[in-house]
Amino acid sequence: MRRDFNWFGLAGGAAIICLIFVSFFVPWWQLVVGDGLVTANVSPLYTDFNFVGYWFTIPLLWALNLGSVLSMAAGGVAMLIYSIYPGKSFSKNLLGFGYKKPLISVLLFVIILVVLTQMIQALFSLSVPLVGSATSVLPETMTYGTIVRVLISANFQWPFYLATVAAGLCIAGKFYHKKIPNISPPPPAPSPAKAKEVTPSAQE
Amino acid sequence: MRVLGVFFVLLNVITLVGPVLGVVLAYQDNLKAMVIPPQVENMMSGSLFTGGKVELPRFVSATPDLAGRTVTLVFEFTNPFNYDLMVKSISADVECSLHGFTLGHASLVQPTNISAGATAKLTIRCEWTEEAENHFQTEHPGATNIDANVVRLAINVNDITIESDEKYPISVPKAGSTVLPQFVSATPDVAGRTVTIVLSYTNPFDYDLMIDSISADIECSLHGFTLGHASLVQPTNIAAGATAEVVIQCDWTQAAVDHFHAEHTGATRLAAKVVNIEIKVNGVTIQVDQAYPIDVPIS
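All values derive from a computational prediction rather than experimental measurement.

Cut-offs and rules
Residues numbered from 1 in each chain as written. Chains lettered and ligands numbered in written order. Predicted model: local features only at pLDDT ≥ 70, side-chain atom pairs only at ≥ 80, totals over all residues. Helix = DSSP H or I, 4+ residues; strand = E, 2+ residues; numbered from the N terminus. Buried ≥ 20, exposed ≤ 12 C-beta atoms within 10 Å, placed from the backbone. Contact = placed C-beta atoms within 7 Å. Core = buried A, V, L, I, M, F, W, Y, C linked by C-beta atoms within 7 Å. Nonpolar A, V, L, I, M, F, W, Y, C, P; charged D, E, K, R; others polar. Pairing = 2+ DSSP bridges. Expected span 1.5 Å × (residues − 1). Arc of directions from axis to C-beta. Axes fitted to C-alpha atoms, helices over the stretch in contact; angles between N-to-C directions. Parallel < 35°, antiparallel > 145°, perpendicular 65-115°, else oblique. Left-handed = near helix turned anticlockwise from the far one by under 90°. pLDDT = per-residue confidence, 0-100.

## Structural notes on the overall build of chain A
Check the secondary structure of chain A and you find seven helices and six strands. Taken over 204 residues, chain A has a buried fraction of 30%. For chain A, restricting intrachain contacts to residue pairs at least 6 apart in sequence, the fraction spanning at least 24 positions comes to 62%.

## Some details on the overall build of chain B
When you go through chain B residue by residue, the secondary structure sums to four helices and 18 strands. Within chain B, the proportion of its 299 residues that are buried is 26%.

## Considering the nonpolar core
The biggest cluster of nonpolar side chains holds 60 residues, and the ones touching the most others in it are Ala 166 of chain A together with Leu 73 and Val 94 of chain B. The residues contacting Leu 73 of chain B, other than those within four sequence positions of it, are Ala 62, Ala 106, Ile 124, Cys 126 and Ile 170 of chain B. Listed in part, the 26 residues of the second largest apolar core include Val 195, Val 246, Ile 277 and Ile 279 of chain B.

## Points about the environment of Lys 167 of chain B
Residues and elements named next belong to chain B. Following the sequence through the fold, Lys 167 ends up in the loop between strand 8 (160-164) and strand 9 (168-173). Here the alpha-carbon distance between Lys 167 and Arg 152, two residues 15 residues apart in the chain, equals 7.9 Å. Contact partners of Lys 167, with chain neighbours within four places excluded, come to Asn 149 and Val 151.

## Focus on the interface of chain B and chain A
Contacts between the two partners involve 35 residues from chain B and, on the opposite side, 30 residues from chain A. Where the side of chain B that touches chain A is concerned, the elements lending two or more residues are helix 1 (2-26), helix 2 (38-45) and strand 8 of chain B. When residues in the side of chain B that touches chain A are grouped by element, the largest group, 12 residues, is from helix 1 of chain B. When its residues are assigned to classes, the side of chain B that touches chain A shows 22 nonpolar, 10 polar and three charged. Where strand 6 (residues 147-156) of chain A meets strand 8 of chain B, four bridges bridge the pair, whose relative direction is antiparallel. In the strand pairing of strand 8 of chain B, Val 148 of chain A is matched with Ile 162 of chain B.

## Focus: the pairing of strand 2 (residues 70-78) of chain B
Residues and elements named next belong to chain B. Every second residue of strand 2 is oriented toward a common face, the buried set being Val 71, Leu 73, Phe 75 and Phe 77 and the non-buried set Thr 70, Thr 72, Val 74, Glu 76 and Thr 78. Where strand 1 (residues 58-64) and strand 2 come together, six bridges link them in antiparallel fashion. By the bridge assignment for strand 2, Phe 59 is matched with Phe 75. Bridging between strand 2 and strand 6 (residues 119-128) involves nine bridges; their strand directions are antiparallel. In the strand pairing of strand 6, Phe 75 is matched with Leu 122.

## Remarks on the environment of Gly 96 of chain A
Within the secondary structure, Gly 96 of chain A is located in helix 3 (residues 91-98). Taking C-alpha positions, Gly 96 of chain A is 9.1 Å from Ala 78 of chain A, a pair spaced 18 residues apart along the chain.

## Details of helix 1 (residues 7-23) of chain A
All names here are of chain A. With 17 residues, helix 1 ought to run about 24 Å at 1.5 Å a step, and its terminal C-alpha atoms sit 24 Å apart, in line with that. Buried within helix 1 are the following residues: Phe 8, Gly 9, Gly 12, Gly 13, Ala 15, Ile 16, Leu 19 and Ser 23. Burial along helix 1 is one-sided: seen end-on, the buried residues are contained in an arc of 160°. Against the buried residues of helix 1 lie helix 2 (59-84), helix 3, helix 4 (100-124) and helix 6 (158-177).

## Details of the packing of helix 2 of chain A against helix 1 of chain B
Helix 1 of chain B packs onto helix 2 of chain A with a crossing angle of 155° between their chain directions and a minimal axis gap of 8 Å. It follows from the interaxial angle that helix 2 of chain A and helix 1 of chain B lie roughly antiparallel. You can see that helix 2 of chain A and helix 1 of chain B cross each other, and the crossing is right-handed. Contacts between helix 2 of chain A and helix 1 of chain B pair Pro 59, Leu 60, Ala 63, Leu 64, Leu 66, Gly 67, Leu 70, Ser 71 and Ala 74 of chain A from the former with Leu 11, Asn 12, Thr 15, Leu 16, Gly 18, Pro 19, Val 20, Gly 22 and Val 23 of chain B from the latter. Taken together, the residues of the contact of helix 2 of chain A with helix 1 of chain B break down into 12 nonpolar, six polar and no charged.

## Examining unusual backbone geometry
Residues and elements named next belong to chain B. A positive phi angle, close to 50°, is found at Arg 152, a residue other than glycine. Within the fold, Arg 152 resides in strand 7 (residues 145-157). Overall, Arg 152 belongs to the partly exposed group, with 18 C-beta atoms counted inside 10 Å. Look at Asn 276: it is not a glycine, yet its phi comes out positive at around 45°. With respect to the secondary-structure elements, Asn 276 resides in strand 16 (residues 269-281).

## Description of the packing of helix 2 of chain A against helix 3 of chain A
Any two packed helices are characterised by how steeply their axes cross, that is the angle between the axes, and by the distance between the axes. All names here are of chain A. With their axes 8 Å apart at the nearest point, helix 2 and helix 3 run at an angle of 145° to one another. Between helix 2 and helix 3 lies a crossing whose hand is left-handed. On helix 3, the residues that touch Gly 75, Gly 76, Ala 78, Met 79, Ile 81 and Tyr 82 of helix 2 are Ser 91, Leu 94, Leu 95, Phe 97 and Gly 98. Taken together, the residues of the contact of helix 2 with helix 3 break down into seven nonpolar, four polar and no charged.

## Comments concerning the confidence of the model for chain B
Considering every residue of chain B, the mean pLDDT works out to 81; 87% of them sit at 70 or more. In the model output, the complex is listed with pTM 0.63 alongside ipTM 0.76.

## A closer look at helix 3 of chain A
Among the eight residues of helix 3 of chain A, six are classified as buried, and the element is accordingly described as predominantly covered. Residues Ser 91, Asn 93, Leu 94, Leu 95, Phe 97 and Gly 98 of chain A constitute the buried set of helix 3 of chain A. Looking at the packing, one finds that the buried side of helix 3 of chain A touches helix 1, helix 2, helix 4 and helix 6 of chain A together with helix 1 of chain B.

## Let's talk about the pairing of strand 12 (residues 209-220) of chain B
Residue and element names in this part refer to chain B. Both strand 12 and strand 14 (residues 236-238) contribute to a ladder of three bridges, which runs antiparallel. Bridged to Ile 211 within strand 14 is Thr 236. Here strand 12 pairs with strand 16 via eight bridges, running antiparallel. Pairing of Ile 218 across the sheet is with Val 274, part of strand 16. Relative to strand 13 (residues 226-232), strand 12 is paired through five bridges, and the arrangement is antiparallel. If you follow Ser 215 over to strand 13, its bridge partner there is Ser 231. Once strand 12 ends, the chain turns through five residues before running back antiparallel as strand 13, passing Gly 224 with a positive phi of about 70°.

Dropping the structure here:
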């Protein structure tokens, strides 16, 4: 008996699991102040900061990251199980649960980054680029009259692009689900009236 | 299937709320630490730094070069961080503190790495402008040192540029006057064909100087006529900071003797100047553009 897989879903699920692992080592977005004097490694799955050689993380962010890791892992596993058994009765629930995870992560991540950079700009008049480099002047209230210019560089790293690929694969898997032959809905059964009409002609 | 849907909703809630709740419980005694960890608090209080607080570079010394056209300023800076710092550039102007006159521009000689917690010397070289040299001559004649301020200071540390409007007072040796010897005396020989010129020289450096040779021409100040060639009698060592006498001897040419008779008849002394001076000090040859007036006896 031929077995139908949802290949897009399978690839999406595998990409999610890979993404979780790599995100512990490479951030989705990195902000560097000066020549590595201050570094922020940011992703929905792991975030840490470096200030002149001291690495630290913020406990609340760590908890939110842990929540994301668990949620993404559950989504990835759900996508993998669904993709192997797309015709099972529970598969639609698995797909519905799993396919949105990377998409929501990517969207929320970008929105939060944009909002945060805009907030920093508005509150501290400090221009933080989302991508690229910019020289910003620290507010004089922070520098006691001294002008401090800082070179701020920010860039999305490759795990961010892997996350968008995973999101794309999961969405493709969702659409492909309808095209899997063995789970396509059966044609509607003929109504009894129509059946009667058909019977005499059949007798003839 | 409805049960599975409810399970997934619950899973969503648990995965997101669970860790946050766990952290809140763990930090229930100090909820502030949940957002501001102890490391950040240490940073704010300054105790993260090895030496306590960040201090501005301390002025150590100012040493002129052999020709007196540049001055090397040495500052000492202690890196208070547990992180190596790379001082990539320093740029500043040096201003006469009395007249506010800009004397020259200073810049870091070479990028300097300062290891975590270490103290390093930052060497900055300042080049006097021509206007500065004129300013020294007109406004500070006779002075060997001038009180100056380092202003418009811009320091690039690890690509963070700090610009300060503050003035950092320093004392700098005056351009031109520090290296060149002062005229002391000129004594003719019995035959009147040579003159021995004694110059006094104070070594402004913190190392010994060996004057290997001096070569110069003596010229009549009135007529610009070359009277003879002068050279160092013997190599002279001058200890760091010491003052020594440097003796040079000049042989008058026959043309010079004729010039004395023709143009300075009856004169016993002649206003002359030492020109085309070439001094070899510690293996370095310096050519001095300036002319130094001397008073020589003639017979």
